[in-house]
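Observations on the three-dimensional arrangement
One letter stands for each residue in the lines below.
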Amino acid sequence: MRSSLSIVVLFTLLTAGCSKPSASTGVPDAAAAPSKGAKVRVVAPGDAPADLAHSQVQISVIKDKDTKSPVVGRMMLADGALALSSPTPSARLSIDIDTIDTGVPIRNERLRNIFFETSGVGWDTIEVAIPAIPAAVVAALRDKRKVDQAKLDATLQVHGRKVMTVLTVDASYSEDGRLTVKTSSPAQIKISDFSLSDNLHRLSSICMHDSIDDLVLVEATLQFAPPK
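In this report, we go over the structure that sits alongside the text. (Residues numbered from 1 in each chain as written. Predicted model: local features only at pLDDT ≥ 70, side-chain atom pairs only at ≥ 80, totals over all residues. Heavy atoms only, no water.)

1. Here's the deal with the packing of helix 2 (residues 105–116) against helix 4 (residues 197–206)
The geometry of helix 2 relative to helix 4 is characterised by a closest axis approach of 8 Å and an angle of 140° between their N-to-C directions. In terms of orientation, helix 2 lies oblique with respect to helix 4. Seen from helix 2, the contacting residues are Arg-110, Leu-111, Ile-114 and Phe-115; seen from helix 4, they are Asn-199, Leu-200, Arg-202, Leu-203 and Ile-206. Each residue belonging to the contact of helix 2 with helix 4 can be placed in one class, and the counts come to six nonpolar, one polar and two charged. (Axes fitted to C-alpha atoms, helices over the stretch in contact; angles between N-to-C directions. Helix = DSSP H or I, 4+ residues; strand = E, 2+ residues; numbered from the N terminus. Parallel < 35°, antiparallel > 145°, perpendicular 65-115°, else oblique. Contact = heavy atoms within 4.5 Å. Nonpolar A, V, L, I, M, F, W, Y, C, P; charged D, E, K, R; others polar.)

In structure tokens:
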């Protein structure tokens, strides 16, 4: 009897972690993201490097049709740079999936291991490429030091698959020459476009959700240091 009760308690604790935040104890959790060695960043002369400490990407998704309480996760950058002075102005970002934080450690672990499968080679980042920033956007930043509602054609690479999307952003310079870029409205990305539907269903089953939406809303707040 006591053995059966212990199994039930253990199962309840594991499954509850997908939806309920846990109190912080100050002790590193077993579900914390694995530590990584520092990546050597290479930024071309004249490019503006992304400030990794002050940049983040937020994703939100609806589970169990609960539109009032979406699951929200935040991720930090692994790398990034903005090339406004090059012949073809462009931007690139590398988002570190292993830094995802939803406020629930076991959910973070399951997102990394079951959904994103970050243990796969090259699957621990989301790569964002903006191969050509429109000339009108570059001119507005140069002359007015800001731009609103700029449309940027971008490529997102997740799990080895690339998908085209359009990002709408506001950008402005501060007095010290730092550039802040924020999404004007969330980008709408479909999980199925990256062939991750099976992983999504597996995650939903393990977490005992009735459903997890295919649509993900993505927002970003980025800072770029002045070029060197």
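2. Considerations on the environment of Thr-88
Mapped onto the elements, Thr-88 comes out in the loop between strand 3 (71–83) and strand 4 (90–101). Separated by 43 residues in sequence, Thr-88 and Pro-131 place their C-alpha atoms 7.9 Å apart. With residues near it in sequence (within four places) discarded, Thr-88 still touches Ala-83, Pro-131 and Ala-132.

3. Regarding the side chain of Asn-108
With respect to the helices, strands and loops of the structure, Asn-108 is situated in helix 2. Assessed through its relative accessible area of 8%, Asn-108 is described here as buried. Leave out the neighbours within four places in its chain, and Asn-108 touches Ile-100, Asp-101, Thr-102 and Gly-103. (Buried < 20%, exposed > 50% of the residue type's maximum accessible area, 1.4 Å probe, protein only.)

4. Thoughts on the nonpolar core
Among the nonpolar cores identified, the biggest contains 51 residues, and Phe-115, Ile-133 and Phe-224 are the most heavily contacted of them. Looking at this core element by element, the count peaks at six residues for strand 6 (residues 146–158). Setting aside its immediate chain neighbours within four residues, Ile-133 contacts Leu-82, Leu-84, Pro-89, Ser-90, Ala-91, Val-138 and Leu-152. (Core = buried A, V, L, I, M, F, W, Y, C linked by side-chain atoms within 4.5 Å.)

5. Quick look at helix 2
With 12 residues, helix 2 should cover 16 Å at 1.5 Å per step; its first-to-last C-alpha distance of 15 Å lies within 8% of that length. By the criterion of burial, helix 2 is predominantly enclosed, with nine of the 12 residues buried. Among the residues of helix 2, Ile-106, Arg-107, Asn-108, Arg-110, Leu-111, Arg-112, Ile-114, Phe-115 and Phe-116 are the ones counted as buried. Looking one or two residues past helix 2, Glu-117 carries a phi angle of roughly 50°, positive in sign. (Expected span 1.5 Å × (residues − 1).)

6. Digging into the environment of Leu-179
Positionally, Leu-179 belongs in strand 8 (residues 179–183). The residues touching Leu-179, leaving out its near neighbours within four places in the chain, are Leu-82, Leu-84, Leu-141, Ala-171, Ser-172, Tyr-173, Leu-222, Gln-223 and Phe-224.

7. What to know about the pairing of strand 2 (residues 56–61)
Counting buried residues in strand 2 gives five out of six residues, a clear majority hidden from the surface. Relative to strand 3, strand 2 is paired through six bridges, and the arrangement is antiparallel. The partner of Ser-60 across the bridge, within strand 3, is Val-72. As defined by bridge partners, strand 2 adjoins strand 10 (residues 215–224) across five bridges and the pair is classed as antiparallel. Bridge pairing in strand 10 links Gln-58 to Glu-219. (Pairing = 2+ DSSP bridges.)

8. A look at the pattern of salt bridges
Across all of its chains, the model carries six salt bridges by this definition. A salt bridge links Asp-79 to Arg-92; its shortest N-O distance comes to 3.5 Å. Of this pair, Asp-79 sits in strand 3 while Arg-92 sits in strand 4, and the two are 13 residues apart along the sequence. Of the residues examined, Asp-79 reaches a relative accessible area of 7% and is grouped as buried. Of the charged contacts in the structure, one is a salt bridge between Arg-142 and Asp-143, with a shortest N-O distance of 3.1 Å. The pair Arg-142 / Asp-143 is uniform in exposure class, with both members exposed. (Salt bridge = Lys/Arg side-chain N within 4 Å of Asp/Glu carboxyl O.)

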